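# Summary of the model geometry
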Amino acid sequence: MLRIAIQTKGRLNEQSIALLREIGIDVDGAKRKFLSKATNFPIEVLYLRDDDIPQVVANGTATLGIVGMNEVAERGCDVDIVSKLGFGGCRISLAIPKSEEYEGVEYFNGKRIATSYPNILEQFLSECGVKAQLEVISGSVEIAPAAGIADAIFDIVSSGGTLVSNGLKEVERVFESEAVLIANKNLSAEDRELLEELLFRIESERDSRDKKYLLMNIPTASLEEAVKILPAMRSPTVMPLAAEGWCSLHSVVDAAELWDKVRQLKAIGAEGILVLTLDKIIA
Ligand code: ATP
Ligand code: MG
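Residues numbered from 1 in each chain as written. Chains lettered and ligands numbered in written order. Predicted model: local features only at pLDDT ≥ 70, side-chain atom pairs only at ≥ 80, totals over all residues. Heavy atoms only, no water.

In terms of regular secondary structure, the protein is built from nine helices and 15 strands. Scaling as 2.2 N^0.38, a compact globule of 283 residues should have a C-alpha radius of gyration of about 19 Å, whereas the protein reaches 25 Å, well beyond that. Summarising its shape, the C-alpha atoms of the protein cover approximately 80 × 50 × 30 Å along the three principal directions. By the burial criterion, 43% of the 283 residues in the protein qualify as buried. Contacts spanning at least 24 positions in sequence make up 69% of the contacts within the protein whose residues lie at least 6 apart. Charge-centre separation for the protein: the mean point of 31 positive side chains lies 3 Å from the mean point of 43 negative side chains. (Helix = DSSP H or I, 4+ residues; strand = E, 2+ residues; numbered from the N terminus. Rg over C-alpha atoms; globule rule 2.2 N^0.38 Å. Buried < 20%, exposed > 50% of the residue type's maximum accessible area, 1.4 Å probe, protein only. Contact = heavy atoms within 4.5 Å. Lys, Arg positive; Asp, Glu negative; His and termini not counted. Charge placed at Lys NZ, Arg CZ, Asp CG, Glu CD.)

On to the coordination of the magnesium ion (ligand 2). Ligation of the magnesium ion (ligand 2) by protein atoms is provided by Asp-50 (OD) and Asp-51 (OD), these donors lying 2.1 Å from the ion. Note on Asp-51: relative accessible area 21%, which makes it partly exposed. (Donors = N, O, S within 2.8 Å, 3.2 Å for Na, K, Ca; no water.)

Turning next to the packing of aromatic side chains. Enumeration over the complete set of coordinates arrives at three aromatic pairs. Aromatic pair Tyr-107 and Phe-108: ring centres 5.1 Å apart, planes at 80°, arrangement edge-to-face. The cationic tip of Lys-111 hangs over the ring face of Tyr-107; the distance from NZ or CZ to the ring centre is 4.3 Å. (Phe/Tyr/Trp six-rings, centres within 6.5 Å; stacked < 30°, edge-to-face > 60°. Lys NZ or Arg CZ within 6 Å of the ring centre and 35° of its normal.)

The environment of ligand 1 is made up of 15 residues, and the closest members are Arg-49, Asp-50, Asp-51, Asn-70 and Ser-158. A distance of 2.9 Å is found between an oxygen atom of ligand 1 and a backbone nitrogen or oxygen belonging to Arg-11. Within the side chain of Asp-51, a nitrogen or oxygen atom sits 2.6 Å from an oxygen atom of ligand 1. Across the complex, the protein chains shield 78% of the 630 Å² of accessible surface that ligand 1 would expose by itself. Partitioning the shell around ligand 1 into residue classes produces three nonpolar, seven polar and five charged. Counting contributing residues, the shell around ligand 1 receives three or more from each of domain 1 (2–87 + 178–207) and domain 2 (90–176). (Near = heavy atom within 4 Å. Polar contact = N/O pair within 3.5 Å; in protein donor to acceptor, adjacent residues only side chain to side chain. Areas by Shrake-Rupley, 256 points an atom, 1.4 Å probe, with all protein chains shown as cover. Nonpolar A, V, L, I, M, F, W, Y, C, P; charged D, E, K, R; others polar. Domains from an automatic or database assignment.)

Listed below in structure tokens is the structure:
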């Protein structure tokens, strides 16, 4: 039986539950429950503060966890990072009052920097040979310069709006983060097999996200050219139409290339083009 730790509430909660549901695990999102068992997969969900997730996975209280890479790195816990999940994207950056001149990281020598991520910051500063004083605070880091607690901050940034509204500017992007699936390092053979199954499902889900299913009618004379435009997973599916000289062509394309492909296909006579969203791709 697997036990996966996810955030009780906060920025990663909803997407963690959504991910489990998308891969067919029926989770009870009722937040008051501390531990809940899925009915259709041998897994139970443990709801925790994100700060605690790396540690419970490292010590085996949970076998798996979904948490920001920033928390894993900050806590220095010994866990396997098994998959990046593509949500919860953010970075941890150094920011200073916007009126200050900035020419390089030496700026921070002798400065006081407020942060909730002292370990990641210390490692960065020591790699740069900079000596600064860290003021560790657990929240509202962005107000520290205005409050006179520090000269600069090292904090999570996503859009940068919070920095601007506090009169700060981002000067060094230090750490890129997103939500990751982590696993205990000593899984039993049985748990490892269950994890493989989860990973297989997560990958199928992720692969389908940036693909589209395309179907169209095309003159048989243009078929060869159309196949060159649409490589597909193996090769496109071709079916004859009742109307002579026409066939139906089905294929899967990268969403990013969709409009370019459609333009090329129209140019060789494709008609009745349908674009469908995919639910899963099972390779
Ligand atoms: P908890 O109560 O569980 O300790 P928290 O307040 O520490 O929650 P949240 O603000 O919910 O944490 O953020 C959880 C994670 O979401 C962060 O650790 C980070 O990986 C990610 N994240 C993405 N964008 C942002 C953002 N703009 N600000 C903060 N965290 C972000
Ligand atoms: Mg937290």
